[in-house]
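Structural overview
One-letter residues, chain by chain:
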Amino acid sequence: MDFAFDARTEELRTRLLAFMDEHVYPAEKTAEEQRAELASPWDTPRIVEELKAEARRQGLWNLFLPDAGYGAGLTNLQYAPLAEILGRSPQLAPTALNCAAPDTGNMEVLFQFGTDEQKKRWLEPLLAGEIRSAFAMTEPDVASSDATNIETRITRDGDSYVINGRKWFISGAMNPDCAVFIVMGKTDPEGTDIRRQQSQILVPRDTPGLEVRRAMRVYGYEDHSHGGHAEVVFKDVRVPATNLIGEEGGGFAIAQARLGPGRIHHCMRLIGMAERAIELMCRRAVARTAFGKPLAEQGVVRNWIADARVTVEQLRLLVLKTAWLMDTVGNRGAHTEIQSIKIATPRAVVGILDQAVQLYGAGGVSQDYPLAELWSSARTLRLADGPDEVHQRSLAHRELKKYL
Ligand SMILES: Cc1cc2nc3c(=O)[nH]c(=O)nc-3n(C[C@H](O)[C@H](O)[C@H](O)COP(=O)(O)OP(=O)(O)OC[C@H]3O[C@@H](n4cnc5c(N)ncnc54)[C@H](O)[C@@H]3O)c2cc1C
(Lines give C-alpha, C1' and ligand atoms only; values in the text may rest on other atoms or scores of the structure.)
Protein backbone atom coordinates (compact mmCIF):
# COMPACT_ATOMS: atom_id res chain seq x y z
CA MET A 1 0.00 0.00 0.00
CA ASP A 2 1.33 3.37 -0.98
CA PHE A 3 -0.63 6.22 0.54
CA ALA A 4 1.53 9.04 -0.79
CA PHE A 5 -0.58 11.67 -2.56
CA ASP A 6 -0.24 11.48 -6.31
CA ALA A 7 0.28 14.63 -8.38
CA ARG A 8 -3.44 15.22 -9.01
CA THR A 9 -4.36 14.82 -5.32
CA GLU A 10 -1.52 17.09 -4.26
CA GLU A 11 -2.57 19.75 -6.75
CA LEU A 12 -6.23 19.58 -5.67
CA ARG A 13 -5.23 19.62 -1.99
CA THR A 14 -3.20 22.77 -2.47
CA ARG A 15 -6.06 24.51 -4.26
CA LEU A 16 -8.64 23.28 -1.75
CA LEU A 17 -6.60 24.43 1.25
CA ALA A 18 -6.34 27.88 -0.34
CA PHE A 19 -10.10 27.89 -1.05
CA MET A 20 -10.80 27.02 2.60
CA ASP A 21 -8.56 29.84 3.87
CA GLU A 22 -9.73 32.46 1.40
CA HIS A 23 -13.42 31.66 1.18
CA VAL A 24 -14.81 29.03 3.56
CA TYR A 25 -13.51 29.91 7.03
CA PRO A 26 -14.28 33.64 6.60
CA ALA A 27 -17.79 32.69 5.43
CA GLU A 28 -18.67 30.72 8.57
CA LYS A 29 -19.62 33.83 10.51
CA THR A 30 -21.20 35.52 7.51
CA ALA A 31 -23.47 32.52 6.92
CA GLU A 32 -24.72 32.70 10.51
CA GLU A 33 -25.35 36.45 10.26
CA GLN A 34 -27.17 36.13 6.94
CA ARG A 35 -29.27 33.24 8.23
CA ALA A 36 -30.52 35.38 11.10
CA GLU A 37 -31.97 37.79 8.52
CA LEU A 38 -33.64 35.22 6.27
CA ALA A 39 -37.43 34.92 6.07
CA SER A 40 -37.06 31.23 6.99
CA PRO A 41 -34.03 29.74 8.78
CA TRP A 42 -34.16 26.85 6.29
CA ASP A 43 -33.47 29.06 3.27
CA THR A 44 -29.93 29.02 1.96
CA PRO A 45 -27.83 32.07 2.93
CA ARG A 46 -26.56 34.07 -0.05
CA ILE A 47 -22.96 33.38 0.88
CA VAL A 48 -23.46 29.64 0.31
CA GLU A 49 -24.51 30.24 -3.29
CA GLU A 50 -21.49 32.54 -3.72
CA LEU A 51 -19.20 29.83 -2.35
CA LYS A 52 -20.74 27.28 -4.73
CA ALA A 53 -20.22 29.56 -7.71
CA GLU A 54 -16.61 30.20 -6.73
CA ALA A 55 -15.86 26.51 -6.09
CA ARG A 56 -17.34 25.59 -9.44
CA ARG A 57 -15.36 28.34 -11.19
CA GLN A 58 -12.18 26.93 -9.63
CA GLY A 59 -13.00 23.36 -10.72
CA LEU A 60 -13.47 22.22 -7.10
CA TRP A 61 -16.80 20.61 -7.83
CA ASN A 62 -18.38 17.12 -7.54
CA LEU A 63 -15.07 15.72 -6.35
CA PHE A 64 -16.85 12.75 -4.70
CA LEU A 65 -18.12 11.09 -7.90
CA PRO A 66 -15.60 8.57 -9.32
CA ASP A 67 -17.08 8.80 -12.82
CA ALA A 68 -15.05 11.22 -14.93
CA GLY A 69 -18.04 12.03 -17.18
CA TYR A 70 -20.37 13.13 -14.39
CA GLY A 71 -17.93 13.90 -11.58
CA ALA A 72 -14.25 14.63 -11.03
CA GLY A 73 -13.22 11.03 -11.70
CA LEU A 74 -11.20 10.66 -8.49
CA THR A 75 -10.58 7.32 -6.80
CA ASN A 76 -11.56 6.93 -3.16
CA LEU A 77 -7.89 7.19 -2.24
CA GLN A 78 -7.60 10.49 -4.11
CA TYR A 79 -10.82 11.87 -2.65
CA ALA A 80 -10.06 10.88 0.99
CA PRO A 81 -7.60 13.68 1.81
CA LEU A 82 -9.88 16.21 0.09
CA ALA A 83 -12.97 15.11 2.01
CA GLU A 84 -10.88 15.36 5.18
CA ILE A 85 -10.23 19.03 4.41
CA LEU A 86 -13.97 19.60 3.79
CA GLY A 87 -14.69 18.06 7.21
CA ARG A 88 -12.83 20.93 8.89
CA SER A 89 -15.85 23.11 8.12
CA PRO A 90 -18.67 20.57 7.85
CA GLN A 91 -21.41 23.20 7.90
CA LEU A 92 -20.23 24.91 4.73
CA ALA A 93 -17.43 23.25 2.80
CA PRO A 94 -19.14 20.03 1.59
CA THR A 95 -22.13 22.04 0.31
CA ALA A 96 -19.87 24.64 -1.29
CA LEU A 97 -18.19 21.93 -3.39
CA ASN A 98 -21.42 19.98 -4.05
CA CYS A 99 -20.01 17.12 -2.00
CA ALA A 100 -22.56 17.09 0.85
CA ALA A 101 -24.63 14.18 2.13
CA PRO A 102 -27.32 13.11 1.45
CA ASP A 103 -27.07 14.52 -2.10
CA THR A 104 -23.83 12.64 -2.78
CA GLY A 105 -25.43 9.26 -2.00
CA ASN A 106 -28.53 10.16 -4.00
CA MET A 107 -26.43 11.22 -6.98
CA GLU A 108 -24.50 7.94 -6.78
CA VAL A 109 -27.76 5.98 -6.73
CA LEU A 110 -29.14 7.88 -9.72
CA PHE A 111 -25.85 7.51 -11.55
CA GLN A 112 -25.70 3.75 -10.94
CA PHE A 113 -29.36 2.76 -11.13
CA GLY A 114 -31.27 5.65 -12.72
CA THR A 115 -32.88 5.54 -16.16
CA ASP A 116 -31.85 8.12 -18.76
CA GLU A 117 -35.01 10.07 -18.00
CA GLN A 118 -34.38 10.00 -14.23
CA LYS A 119 -30.81 11.13 -14.80
CA LYS A 120 -31.93 14.03 -16.97
CA ARG A 121 -34.64 15.19 -14.61
CA TRP A 122 -32.85 14.75 -11.26
CA LEU A 123 -29.17 13.82 -11.56
CA GLU A 124 -28.21 16.65 -13.88
CA PRO A 125 -29.67 19.48 -11.74
CA LEU A 126 -28.19 17.84 -8.63
CA LEU A 127 -24.75 17.70 -10.24
CA ALA A 128 -25.16 21.34 -11.23
CA GLY A 129 -26.00 22.24 -7.61
CA GLU A 130 -29.34 23.71 -8.71
CA ILE A 131 -31.47 21.51 -6.42
CA ARG A 132 -30.99 19.44 -3.25
CA SER A 133 -32.42 16.04 -2.36
CA ALA A 134 -33.24 13.75 0.56
CA PHE A 135 -33.19 10.04 1.33
CA ALA A 136 -36.18 8.79 3.32
CA MET A 137 -35.86 5.44 5.03
CA THR A 138 -35.98 5.77 8.84
CA GLU A 139 -39.38 5.58 10.55
CA PRO A 140 -40.29 6.68 14.07
CA ASP A 141 -42.54 3.70 14.70
CA VAL A 142 -40.09 0.87 14.05
CA ALA A 143 -36.43 0.06 14.81
CA SER A 144 -35.14 1.25 11.46
CA SER A 145 -31.56 0.07 11.94
CA ASP A 146 -33.11 -3.23 10.89
CA ALA A 147 -34.25 -2.28 7.38
CA THR A 148 -36.60 -5.26 7.18
CA ASN A 149 -38.84 -3.47 9.72
CA ILE A 150 -39.71 -0.61 7.36
CA GLU A 151 -43.49 -0.18 7.18
CA THR A 152 -43.94 2.36 4.41
CA ARG A 153 -45.93 0.88 1.56
CA ILE A 154 -45.29 1.50 -2.14
CA THR A 155 -48.31 -0.02 -3.86
CA ARG A 156 -48.67 -0.48 -7.62
CA ASP A 157 -51.90 0.94 -9.04
CA GLY A 158 -52.07 0.92 -12.84
CA ASP A 159 -49.33 3.17 -14.22
CA SER A 160 -48.63 4.63 -10.79
CA TYR A 161 -47.27 3.75 -7.37
CA VAL A 162 -49.07 4.99 -4.26
CA ILE A 163 -46.94 5.66 -1.18
CA ASN A 164 -48.11 5.67 2.43
CA GLY A 165 -45.85 5.99 5.47
CA ARG A 166 -44.18 8.23 8.03
CA LYS A 167 -40.46 8.94 8.09
CA TRP A 168 -38.26 11.02 10.35
CA PHE A 169 -34.75 12.42 10.55
CA ILE A 170 -34.84 12.94 6.81
CA SER A 171 -31.78 15.11 6.28
CA GLY A 172 -32.11 18.03 3.94
CA ALA A 173 -35.88 17.96 3.80
CA MET A 174 -36.45 21.29 5.56
CA ASN A 175 -34.49 23.13 2.89
CA PRO A 176 -36.90 24.47 0.23
CA ASP A 177 -34.25 23.67 -2.40
CA CYS A 178 -34.80 19.98 -1.64
CA ALA A 179 -36.79 19.09 -4.75
CA VAL A 180 -36.88 15.31 -4.61
CA PHE A 181 -37.00 12.44 -2.13
CA ILE A 182 -35.70 8.94 -2.68
CA VAL A 183 -38.16 6.92 -0.59
CA MET A 184 -37.60 3.38 0.62
CA GLY A 185 -40.66 1.21 1.28
CA LYS A 186 -42.21 -2.18 0.72
CA THR A 187 -43.62 -3.12 -2.68
CA ASP A 188 -44.00 -6.77 -1.65
CA PRO A 189 -44.60 -6.83 2.12
CA GLU A 190 -45.60 -10.50 2.12
CA GLY A 191 -42.68 -11.65 -0.07
CA THR A 192 -40.84 -14.71 1.25
CA ASP A 193 -37.40 -13.19 0.62
CA ILE A 194 -37.27 -10.33 3.12
CA ARG A 195 -34.39 -8.74 1.20
CA ARG A 196 -36.60 -8.43 -1.90
CA GLN A 197 -39.64 -6.84 -0.23
CA GLN A 198 -38.45 -3.24 -0.60
CA SER A 199 -38.01 -0.78 -3.43
CA GLN A 200 -36.79 2.80 -3.82
CA ILE A 201 -38.79 5.42 -5.62
CA LEU A 202 -38.39 9.07 -6.60
CA VAL A 203 -40.98 11.43 -5.13
CA PRO A 204 -40.93 15.10 -6.22
CA ARG A 205 -41.38 17.39 -3.24
CA ASP A 206 -44.48 19.06 -4.66
CA THR A 207 -46.43 15.78 -5.04
CA PRO A 208 -49.83 16.04 -3.31
CA GLY A 209 -49.96 14.08 -0.04
CA LEU A 210 -46.29 14.68 0.81
CA GLU A 211 -46.09 16.74 4.00
CA VAL A 212 -42.85 17.97 5.55
CA ARG A 213 -44.28 18.10 9.05
CA ARG A 214 -41.60 19.43 11.38
CA ALA A 215 -37.87 19.81 11.93
CA MET A 216 -36.19 17.30 14.23
CA ARG A 217 -33.57 18.88 16.46
CA VAL A 218 -30.15 17.41 17.09
CA TYR A 219 -29.10 18.01 20.70
CA GLY A 220 -31.19 21.15 20.46
CA TYR A 221 -29.56 22.36 17.22
CA GLU A 222 -31.65 22.83 14.12
CA ASP A 223 -28.69 21.74 12.00
CA HIS A 224 -29.35 24.17 9.17
CA SER A 225 -26.23 23.21 7.31
CA HIS A 226 -27.74 19.85 6.44
CA GLY A 227 -30.96 21.57 5.47
CA GLY A 228 -32.55 20.29 8.68
CA HIS A 229 -33.73 16.78 9.52
CA ALA A 230 -37.49 16.53 8.98
CA GLU A 231 -40.40 14.35 9.88
CA VAL A 232 -42.14 13.65 6.58
CA VAL A 233 -45.54 12.07 6.05
CA PHE A 234 -46.58 10.37 2.81
CA LYS A 235 -50.35 10.03 2.53
CA ASP A 236 -51.68 8.49 -0.68
CA VAL A 237 -48.78 10.03 -2.57
CA ARG A 238 -49.12 9.03 -6.22
CA VAL A 239 -46.19 9.04 -8.64
CA PRO A 240 -45.73 7.53 -12.12
CA ALA A 241 -44.46 3.93 -12.13
CA THR A 242 -41.43 5.18 -14.09
CA ASN A 243 -40.23 6.88 -10.88
CA LEU A 244 -39.16 3.52 -9.47
CA ILE A 245 -35.36 3.26 -9.23
CA GLY A 246 -34.07 -0.02 -10.62
CA GLU A 247 -36.40 -2.96 -10.34
CA GLU A 248 -39.18 -3.80 -7.88
CA GLY A 249 -37.61 -5.53 -4.88
CA GLY A 250 -34.21 -3.93 -5.53
CA GLY A 251 -34.43 -1.37 -2.70
CA PHE A 252 -32.31 -3.27 -0.23
CA ALA A 253 -29.49 -3.85 -2.71
CA ILE A 254 -29.54 -0.18 -3.74
CA ALA A 255 -29.38 0.86 -0.07
CA GLN A 256 -26.33 -1.37 0.43
CA ALA A 257 -24.63 0.07 -2.66
CA ARG A 258 -25.17 3.61 -1.44
CA LEU A 259 -23.92 3.04 2.09
CA GLY A 260 -20.31 2.01 1.37
CA PRO A 261 -19.20 5.33 -0.15
CA GLY A 262 -21.49 7.28 2.22
CA ARG A 263 -19.86 5.76 5.28
CA ILE A 264 -16.30 6.34 4.17
CA HIS A 265 -17.10 9.95 3.23
CA HIS A 266 -18.47 10.53 6.75
CA CYS A 267 -15.28 9.07 8.24
CA MET A 268 -13.03 11.14 5.99
CA ARG A 269 -14.83 14.32 7.07
CA LEU A 270 -14.74 13.25 10.74
CA ILE A 271 -10.95 13.11 10.58
CA GLY A 272 -11.01 16.70 9.34
CA MET A 273 -13.21 17.64 12.31
CA ALA A 274 -10.67 16.01 14.64
CA GLU A 275 -7.82 17.91 12.97
CA ARG A 276 -9.68 21.15 13.52
CA ALA A 277 -10.24 20.21 17.16
CA ILE A 278 -6.51 19.54 17.64
CA GLU A 279 -5.66 22.88 16.04
CA LEU A 280 -8.15 24.70 18.26
CA MET A 281 -6.85 22.85 21.34
CA CYS A 282 -3.26 23.87 20.62
CA ARG A 283 -4.17 27.50 19.94
CA ARG A 284 -6.13 27.72 23.19
CA ALA A 285 -3.53 25.88 25.24
CA VAL A 286 -0.73 28.27 24.34
CA ALA A 287 -2.88 31.40 24.66
CA ARG A 288 -4.60 30.87 28.02
CA THR A 289 -3.07 30.87 31.49
CA ALA A 290 -4.40 29.25 34.65
CA PHE A 291 -2.70 28.98 38.03
CA GLY A 292 0.37 30.83 36.83
CA LYS A 293 1.21 28.96 33.64
CA PRO A 294 -0.19 28.43 30.16
CA LEU A 295 -2.61 25.53 29.84
CA ALA A 296 -0.09 24.06 27.39
CA GLU A 297 2.29 23.51 30.32
CA GLN A 298 -0.18 21.25 32.12
CA GLY A 299 0.71 17.60 31.71
CA VAL A 300 -2.89 16.54 31.28
CA VAL A 301 -3.39 18.96 28.39
CA ARG A 302 -0.25 17.63 26.71
CA ASN A 303 -1.57 14.10 27.14
CA TRP A 304 -4.88 15.06 25.50
CA ILE A 305 -3.09 16.63 22.55
CA ALA A 306 -0.66 13.73 22.15
CA ASP A 307 -3.39 11.10 22.41
CA ALA A 308 -5.55 13.00 19.93
CA ARG A 309 -2.68 13.11 17.43
CA VAL A 310 -2.00 9.35 17.82
CA THR A 311 -5.70 8.55 17.41
CA VAL A 312 -6.09 10.67 14.29
CA GLU A 313 -3.04 9.10 12.66
CA GLN A 314 -4.43 5.60 13.35
CA LEU A 315 -7.87 6.48 12.03
CA ARG A 316 -6.50 8.11 8.92
CA LEU A 317 -4.44 5.03 8.05
CA LEU A 318 -7.46 2.78 8.48
CA VAL A 319 -9.62 5.08 6.35
CA LEU A 320 -6.94 5.24 3.64
CA LYS A 321 -6.58 1.46 3.69
CA THR A 322 -10.35 1.17 3.31
CA ALA A 323 -10.36 3.66 0.42
CA TRP A 324 -7.53 1.76 -1.24
CA LEU A 325 -9.41 -1.54 -0.86
CA MET A 326 -12.60 -0.02 -2.28
CA ASP A 327 -10.58 1.11 -5.29
CA THR A 328 -8.77 -2.17 -5.78
CA VAL A 329 -11.15 -4.96 -4.74
CA GLY A 330 -14.48 -3.10 -4.66
CA ASN A 331 -16.89 -2.14 -1.90
CA ARG A 332 -17.73 -5.76 -1.15
CA GLY A 333 -14.11 -6.68 -0.66
CA ALA A 334 -13.73 -3.71 1.69
CA HIS A 335 -16.82 -4.62 3.75
CA THR A 336 -15.02 -5.39 7.03
CA GLU A 337 -12.88 -2.28 6.76
CA ILE A 338 -15.88 -0.04 5.96
CA GLN A 339 -17.58 -1.34 9.08
CA SER A 340 -14.39 -0.97 11.12
CA ILE A 341 -13.99 2.70 10.21
CA LYS A 342 -17.69 3.39 10.78
CA ILE A 343 -17.36 1.93 14.29
CA ALA A 344 -13.98 3.43 15.18
CA THR A 345 -14.05 6.94 13.69
CA PRO A 346 -17.16 8.65 15.14
CA ARG A 347 -16.49 7.19 18.59
CA ALA A 348 -12.87 8.37 18.70
CA VAL A 349 -13.58 11.78 17.18
CA VAL A 350 -16.39 12.41 19.68
CA GLY A 351 -13.79 11.73 22.41
CA ILE A 352 -11.30 14.19 20.91
CA LEU A 353 -13.97 16.87 20.50
CA ASP A 354 -15.10 16.31 24.08
CA GLN A 355 -11.57 17.00 25.36
CA ALA A 356 -11.34 20.07 23.14
CA VAL A 357 -14.62 21.31 24.66
CA GLN A 358 -13.16 20.71 28.13
CA LEU A 359 -10.06 22.70 27.30
CA TYR A 360 -12.17 25.65 26.15
CA GLY A 361 -14.12 25.73 29.43
CA ALA A 362 -17.55 27.33 29.10
CA GLY A 363 -16.56 28.64 25.68
CA GLY A 364 -16.41 25.04 24.52
CA VAL A 365 -20.12 24.47 24.96
CA SER A 366 -21.06 27.87 23.56
CA GLN A 367 -21.95 29.20 20.13
CA ASP A 368 -18.78 31.32 20.00
CA TYR A 369 -16.56 28.39 18.99
CA PRO A 370 -17.33 25.59 16.56
CA LEU A 371 -16.63 22.80 19.06
CA ALA A 372 -20.11 22.20 20.49
CA GLU A 373 -21.69 21.96 17.07
CA LEU A 374 -18.87 19.77 15.77
CA TRP A 375 -19.33 17.48 18.78
CA SER A 376 -23.06 17.09 18.22
CA SER A 377 -22.52 16.47 14.53
CA ALA A 378 -19.86 13.79 15.20
CA ARG A 379 -22.03 12.20 17.88
CA THR A 380 -24.94 11.68 15.49
CA LEU A 381 -22.65 9.63 13.26
CA ARG A 382 -22.66 6.89 15.89
CA LEU A 383 -26.31 6.48 14.82
CA ALA A 384 -26.75 7.72 11.28
CA ASP A 385 -25.99 5.22 8.49
CA GLY A 386 -26.29 2.42 11.03
CA PRO A 387 -25.65 2.49 14.79
CA ASP A 388 -22.27 1.23 16.08
CA GLU A 389 -23.84 -1.93 17.51
CA VAL A 390 -25.32 -3.02 14.19
CA HIS A 391 -21.91 -2.78 12.51
CA GLN A 392 -20.28 -4.54 15.47
CA ARG A 393 -22.85 -7.31 15.23
CA SER A 394 -22.17 -8.02 11.59
CA LEU A 395 -18.41 -7.58 11.86
CA ALA A 396 -18.29 -10.03 14.78
CA HIS A 397 -20.48 -12.42 12.81
CA ARG A 398 -17.95 -12.52 9.97
CA GLU A 399 -15.07 -12.90 12.40
CA LEU A 400 -16.75 -15.78 14.27
CA LYS A 401 -17.83 -17.54 11.09
CA LYS A 402 -14.27 -18.74 10.57
CA TYR A 403 -14.53 -20.75 13.80
CA LEU A 404 -18.06 -22.10 13.49
C1 LIG B 1 -28.64 13.51 12.48
C2 LIG B 1 -29.28 12.32 11.85
C3 LIG B 1 -29.51 12.32 10.48
C4 LIG B 1 -30.16 11.23 9.88
N5 LIG B 1 -30.46 11.28 8.54
C6 LIG B 1 -31.22 10.32 7.98
C7 LIG B 1 -31.68 10.42 6.64
O8 LIG B 1 -31.36 11.38 5.92
N9 LIG B 1 -32.50 9.46 6.15
C10 LIG B 1 -32.88 8.39 6.90
O11 LIG B 1 -33.62 7.55 6.40
N12 LIG B 1 -32.45 8.25 8.19
C13 LIG B 1 -31.65 9.19 8.75
N14 LIG B 1 -31.24 9.10 10.06
C15 LIG B 1 -31.70 7.97 10.86
C16 LIG B 1 -30.63 6.95 11.18
O17 LIG B 1 -30.16 6.30 10.02
C18 LIG B 1 -31.26 5.99 12.18
O19 LIG B 1 -31.44 6.71 13.39
C20 LIG B 1 -30.45 4.74 12.44
O21 LIG B 1 -30.44 3.91 11.31
C22 LIG B 1 -31.00 3.94 13.63
O23 LIG B 1 -32.36 3.66 13.48
P24 LIG B 1 -33.35 4.01 14.71
O25 LIG B 1 -33.17 5.44 15.07
O26 LIG B 1 -34.70 3.56 14.32
O27 LIG B 1 -32.80 3.17 15.92
P28 LIG B 1 -33.23 1.70 16.35
O29 LIG B 1 -33.21 0.80 15.18
O30 LIG B 1 -34.45 1.80 17.17
O31 LIG B 1 -32.01 1.30 17.28
C32 LIG B 1 -31.83 1.93 18.56
C33 LIG B 1 -30.60 1.36 19.22
O34 LIG B 1 -30.75 -0.02 19.43
C35 LIG B 1 -29.47 -0.62 19.47
N36 LIG B 1 -29.44 -1.73 18.52
C37 LIG B 1 -30.09 -1.86 17.36
N38 LIG B 1 -29.78 -3.02 16.76
C39 LIG B 1 -28.92 -3.65 17.57
C40 LIG B 1 -28.21 -4.86 17.52
N41 LIG B 1 -28.34 -5.69 16.47
N42 LIG B 1 -27.39 -5.19 18.55
C43 LIG B 1 -27.26 -4.36 19.60
N44 LIG B 1 -27.88 -3.18 19.69
C45 LIG B 1 -28.69 -2.82 18.71
C46 LIG B 1 -28.45 0.43 19.03
O47 LIG B 1 -27.80 0.96 20.17
C48 LIG B 1 -29.32 1.48 18.41
O49 LIG B 1 -28.76 2.76 18.48
C50 LIG B 1 -30.54 10.14 10.67
C51 LIG B 1 -30.27 10.13 12.05
C52 LIG B 1 -29.64 11.20 12.63
C53 LIG B 1 -29.38 11.17 14.11
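As a convention, each chain's residues are numbered from 1 in the sequence order in which they are written. Only residues with pLDDT of at least 70 are given local features in this predicted model, and only at 80 or more are side-chain atom pairs given and counted; all residues enter the totals for whole chains, interfaces and linings. Think of the side-chain values as coming from all heavy atoms in the structure, minus any hydrogens and water.

- By the naming in an unreviewed UniProt entry, the chain goes by Acyl-CoA dehydrogenase and is assigned to Streptomyces fulvorobeus.
- UniProt positions are given in the numbering used here, feature names are shortened, and annotations may be inferred rather than shown by experiment. For the record of the chain, the UniProt heading Sequence similarities (unreviewed entry) holds the text "Belongs to the acyl-CoA dehydrogenase family."
- Of the chain, the UniProt comment under Cofactor (unreviewed entry) reads exactly: "FAD".

A word on the pairing of strand β2 (residues 153-157)
- Inspection of the sheet shows β2 paired to strand β3 (residues 160-171) by five bridges, in the antiparallel sense. Within the sheet, the bridge partner assigned to I154 lies in β3 and is I163. Two strands qualify as a pair provided that DSSP identifies no fewer than 2 bridges between them. Runs of H or I in DSSP of at least four residues are treated as helices and runs of E of at least two as strands, each being numbered from the N terminus.

Some remarks on the site of the ligand
- Whether a residue is near a molecule or strand depends on its heavy atoms: if one lies within 4 Å, it is near. Residues in close proximity to the ligand total 20 residues, the closest being F135, M137, T138, S145 and F169.
- Definition of a polar contact: a pair of N or O atoms within 3.5 Å, with one able to donate and the other able to accept a hydrogen when the atoms are protein atoms, and with sequence-neighbouring residues admitted only if both atoms are side-chain atoms. Between a nitrogen atom of the ligand and a side-chain N or O atom of T138, the distance comes to 2.6 Å.
- Looking at the shell around the ligand, the elements that each hand over two or more residues are β1 (132-136), β3 and α11 (388-401).
- Grouping the constituent residues of the shell around the ligand by class yields 11 nonpolar, six polar and three charged.
- Domain delimitation follows an automatic or database domain assignment. Two domains share the shell around the ligand, each providing at least three of its residues, namely domain 2 (132-245) and domain 3 (252-401). By the convention adopted, Pro, Cys, Tyr, Trp, Phe, Met, Ile, Leu, Val and Ala count as nonpolar, Lys, Arg, Asp and Glu as charged, and the other residues, Gly among them, as polar.

Observations regarding the UniProt feature "domain: Acyl-CoA dehydrogenase/oxidase C-terminal" (unreviewed entry) in the chain
- The feature "domain: Acyl-CoA dehydrogenase/oxidase C-terminal" (unreviewed entry), as given by UniProt, occupies residues 249-398 in the numbering adopted here.
- For residues 249-398, the end-to-end C-alpha separation is 26 Å, with 79% helix and 3% strand making up the annotated structure.

What about the pairing of β3?
- With antiparallel pairing between neighbouring strands as the criterion, β2 and β3 make up a hairpin whose turn holds two residues, including G158 at a positive phi of roughly 65°.
- Bridging between β3 and strand β7 (residues 229-240) involves nine bridges; their strand directions are antiparallel. Bridge pairing links Y161 to V239 in β7.

Side note on the domain arrangement of the chain
- Taken domain by domain, the chain holds domain 1 (7-114), domain 2 (132-245) and domain 3 (252-401).
- Relative placement of domain 1 and domain 3: their C-alpha centres are 20 Å apart.
- Each partner contributes to the interface: domain 1 provides 25 residues, whereas domain 3 provides 23 residues.
- Buried area, as used here, totals the accessible surface that two parts lose on assembly, with accessibility defined by a 1.4 Å probe and the loss added over both. Across the domain 1 to domain 3 interface the summed buried area is about 2,100 Å²; carbon plus sulfur atoms make up 58%. Note on contacts: a residue pair is in contact if any heavy atoms of the two residues lie within 4.5 Å.

Re the UniProt feature "domain: Acyl-CoA oxidase/dehydrogenase middle" (unreviewed entry) in the chain
- UniProt records the feature "domain: Acyl-CoA oxidase/dehydrogenase middle" (unreviewed entry) at residues 134-237, using the numbering of this structure.
- With 0% helix and 50% strand, residues 134-237 has its two end C-alpha atoms placed 16 Å apart.

Some thoughts on helix α2 (residues 46-57)
- One fewer than the residue count of a helix, multiplied by 1.5 Å, yields its expected span. Helix length check: α2, at 12 residues, gives a terminal C-alpha distance of 17 Å against a target of 16 Å (1.5 Å per residue), a fit within 8%.
- Only protein chains enter the accessibility calculation, which uses a 1.4 Å probe; a residue whose area is less than 20% of its type maximum is buried, one above 50% is exposed, and one in between is partly exposed. Here α2 has its buried residues at I47, V48, L51, K52, E54 and A55.
- Next to the buried residues of α2 lie α1 (7-36) and α4 (93-96).
- Of the residues trailing α2, G59 is marked for its positive phi of about 75°.

Side note on the side chain of Q339
- Relative to the elements of secondary structure, Q339 occurs in helix α9 (residues 335-359).
- Look at Q339 and you get buried, because its relative accessible area is 7%.
- Those residues within four positions of Q339 in sequence are excluded, and the remaining contacts are H391, S394, L395 and R398.

Here we look at the packing of aromatic side chains
- In this scheme Phe, Tyr and Trp rings, the latter by its six-membered ring, pair at centre separations within 6.5 Å, and the angle between planes marks the pair as stacked below 30 degrees, edge-to-face above 60, and tilted otherwise. In the structure shown here, the tally under the stated rule is five aromatic pairs.
- An angle of 80° between the planes, with centres 5.4 Å apart, marks the rings of W168 and F169 as edge-to-face.
- Judged by relative accessible area, which is 34%, F169 ranks as partly exposed.
- A centroid spacing of 5.1 Å and a plane angle of 65° characterise the contact between Y219 and W375, whose relative ring orientation is edge-to-face. Of this pair, Y219 sits in the loop between β6 (210-216) and β7 while W375 is found in helix α10 (residues 371-380), placing the two residues 156 residues apart along the sequence.
- W375 sits in the partly exposed class, given a relative accessible area of 22%.
- We count a charge as sitting over a ring when the NZ of a lysine or the CZ of an arginine lies within 6 Å of the ring centre and within 35 degrees of the ring normal. Across the ring face of Y161, the terminal group of R156 is positioned such that the distance to the ring centre comes to 5.2 Å.
- Sitting over the ring of F135, R258 keeps its end group 4.0 Å from the ring centre.

What to know about α1
- With 30 residues, α1 should reach 44 Å at 1.5 Å per residue; the first-to-last C-alpha distance of 42 Å fits that figure.
- Buried within α1 we find T9, L12, L16, F19, M20, V24, A27, A31, Q34 and R35.
- Residues of α1 that are buried make contact with α2, α3 (76-87) and α4.

Brief notes about the state of the cysteines
- For this text, the term disulfide refers to a pair of cysteine sulfurs within 2.5 Å. Counted under the stated rule, the structure contains zero disulfides.
- C178 carries a free sulfur, and the closest cysteine sulfur to it, the one in C99, is 18 Å from it.

Some details on the pattern of salt bridges
- Salt bridges, as used here, are contacts in which a Lys or Arg side-chain nitrogen is within 4 Å of a carboxyl oxygen on Asp or Glu. Under the defined criterion, the tally for this structure stands at 28 salt bridges.
- R309 is paired through a salt bridge with E275; the nearest N and O atoms lie 2.9 Å apart. Residue R309 is located in helix α8 (residues 299-333), and its partner E275 is located in helix α7 (residues 251-287); the two are separated by 34 residues in the primary sequence.
- E275 sits in the buried class, given a relative accessible area of 13%.
- Two residues, E399 and K402, come together in a salt bridge whose shortest N-O distance is 3.1 Å.
- Its relative accessible area of 39% is what places E399 among the partly exposed residues.
- The class for K402 is exposed, based on a relative accessible area of 57%.
- Ionic contacts of the salt-bridge type, sharing partners, join the residues D141, R166, E211, R213, R214 and E231 into one network.

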